[in-house]
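Now for the letters of each chain:
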Amino acid sequence: MIYAANNGCVLEYDGKDWRIIQVPKFVVRSLDIDRNGTVYVGGTKEIGYLAPDEKGNLRYKSLINFFKEEKQREFKSVFETHCTPKGIYFRTQWHLFRWENDRNKMTVITPGLKLKKPFCWKSQYYVHIREKGLMIVQGDRLHLAPGGDRLTDKKIYFVASHDSKD
């Protein structure tokens, strides 16, 4: 299956036919699939996932009600969604949300600076903050990654792992 983010819906393609999965009135900006096959959705002022209804059709389920405070729901857009062994991460410009499905728990990390290009490597989640460098999520906080200060004032566009056999 292929899933595509779109304005006002998620598109599903099975190799033959496209199907539209409606979401409430928001722009879908990011998707990721966890190891159980659940599709997580990040968009404009909304985060959630797709779950089968009684007929087996995928329907959108919001996670907004899991925020402890109303103010935590005040975000514009989720630009990246990443499924990791430690939870589902949703990155906005100013916040990093982590959803732990097995605990029904939403964690909000707000460093007060703009968050840039996040990625997961070896089960650790990283996010770039240009003023500080490369940060690693440890518990419910961001800490400077080893050598991360060398990436202060740099732009990161893409991260790839390279395993050398030499």
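Residues numbered from 1 in each chain as written. Predicted model: local features only at pLDDT ≥ 70, side-chain atom pairs only at ≥ 80, totals over all residues. Heavy atoms only, no water.

I'd like a description of the environment of Tyr126, backed by residues and values.
Summarising the element assignment, Tyr126 is placed in strand β11 (residues 124–129). The class for Tyr126 is buried, based on a relative accessible area of 11%. Remark: the alpha-carbon pair of Tyr126 and Leu144, spanning 18 residues in sequence, is separated by 9.5 Å. With sequence-adjacent residues up to four places away left out, Tyr126 is seen in contact with Lys117, Pro118, Phe119, Trp121, Leu134, Met135, Ile136 and Ala145. (Helix = DSSP H or I, 4+ residues; strand = E, 2+ residues; numbered from the N terminus. Buried < 20%, exposed > 50% of the residue type's maximum accessible area, 1.4 Å probe, protein only. Contact = heavy atoms within 4.5 Å.)

Could you give an account of a positive patch on the surface, naming the residues involved and the relevant values?
On the surface, Lys114, Lys116, Arg130 and Lys155 cluster together into a positively charged patch. Within the fold, Lys116 resides in strand β10 (residues 116–121). Here Lys116 falls in the partly exposed class, since its relative accessible area comes to 35%. (Patch = residues over 30% accessible without salt bridge, like charges linked within 9 Å, V, L, I, M, F, W, Y side chains within 5 Å. Areas by Shrake-Rupley, 256 points an atom, 1.4 Å probe, with all protein chains shown as cover. Salt bridge = Lys/Arg side-chain N within 4 Å of Asp/Glu carboxyl O. Lys, Arg positive; Asp, Glu negative; His and termini not counted. Charge placed at Lys NZ, Arg CZ, Asp CG, Glu CD.)

Can you break down the packing of aromatic side chains residue by residue, with the values?
In the structure shown here, the tally under the stated rule is nine aromatic pairs. Aromatic side chains Tyr40 and Tyr49 sit 5.9 Å apart centroid to centroid with 45° between the ring planes, which places their arrangement in the tilted category. On the basis of relative accessibility, which here comes to 1%, the residue Tyr40 falls in the buried class. You can call Tyr49 partly exposed: its relative accessible area is 24%. Taken together, the ring pairs in this structure connect Phe67, Phe75 and Phe97 into an aromatic cluster. (Phe/Tyr/Trp six-rings, centres within 6.5 Å; stacked < 30°, edge-to-face > 60°.)

Summarise the side chain of His95; cite the residues concerned and give the values.
Following the sequence through the fold, His95 ends up in the loop between β7 (87–91) and β8 (96–100). Judged by relative accessible area, which is 16%, His95 ranks as buried.

Tell me about the nonpolar core, and name the residues and values.
With 13 residues, the main nonpolar core has Ile47, Phe67, Phe75, Phe90, Phe97, Trp99 and Met106 as its most contacted residues. Those elements that provide at least two residues to this core are β7 and β8. Excluding residues within four positions of it along the chain, Phe75 makes contact with Gly43, Lys45, Glu46, Ile47, Ile64, Phe67, Thr92, His95 and Phe97. (Core = buried A, V, L, I, M, F, W, Y, C linked by side-chain atoms within 4.5 Å.)

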